[in-house]
Amino acid sequence: VQRWRFATDADNGKSGRAFLDVASLDVVADLRAEKRKLTQLDIVRGEAAWCHPDVQTLARRKLLRALRLALPLHCVVALPGQEVGSNWAEFAHLITQNGCVVEAEPANVVGRC
């Protein structure tokens, strides 16, 4: 997955969309390299070694630490009535109030229905 899309929508009319291209995050490349290395090292379990709960816990911690810093800097936010850009603080506030949907999205979207 190269892009993640975030969407929030509430009955009160407050909504927003955002996306994050993970190519800008060094941690993603690092985790993918760690997965390849672990898979090659563990001949018996192969890719299953990456799925071990301890390995996943460490990977999640590393990713969350990086995302806390990266989302405000790299996430492109679109809020109704505002210029598209990086207003992560306001978008994050909407998420805490309304929740959000996170979806994998192709980097090159041809069209939407």
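Refer to the structure presented above.
This structure, assessed with the given rule, holds two aromatic pairs. With centroids separated by 6.1 Å and ring planes inclined at 70°, the aromatic side chains of Phe6 and Trp88 adopt a geometry described as edge-to-face. Taken together, the residues Phe6 in strand 1 (residues 3-9) and Trp88 in helix 3 (residues 88-98) connect sequence positions 82 residues apart. One exposure class covers both Phe6 and Trp88, and it is buried. With a centroid separation of 5.5 Å and an interplanar angle of 50°, the aromatic rings of Trp88 and Phe91 are classed as tilted. Taken together, the residues span about one helical turn, with Trp88 and Phe91 both in helix 3 at a distance of three residues. Both residues of the pair, Trp88 and Phe91, count as buried. An aromatic cluster of at least three residues, connected via ring pairs, comprises Phe6, Trp88 and Phe91. Taking NZ or CZ as reference, Arg3 lies 4.1 Å from the ring centre of Phe19, over its face.

Cut-offs used in this document
- Residues numbered from 1 in each chain as written.
- Predicted model: local features only at pLDDT ≥ 70, side-chain atom pairs only at ≥ 80, totals over all residues.
- Heavy atoms only, no water.
- Phe/Tyr/Trp six-rings, centres within 6.5 Å; stacked < 30°, edge-to-face > 60°.
- Helix = DSSP H or I, 4+ residues; strand = E, 2+ residues; numbered from the N terminus.
- Buried < 20%, exposed > 50% of the residue type's maximum accessible area, 1.4 Å probe, protein only.
- Lys NZ or Arg CZ within 6 Å of the ring centre and 35° of its normal.

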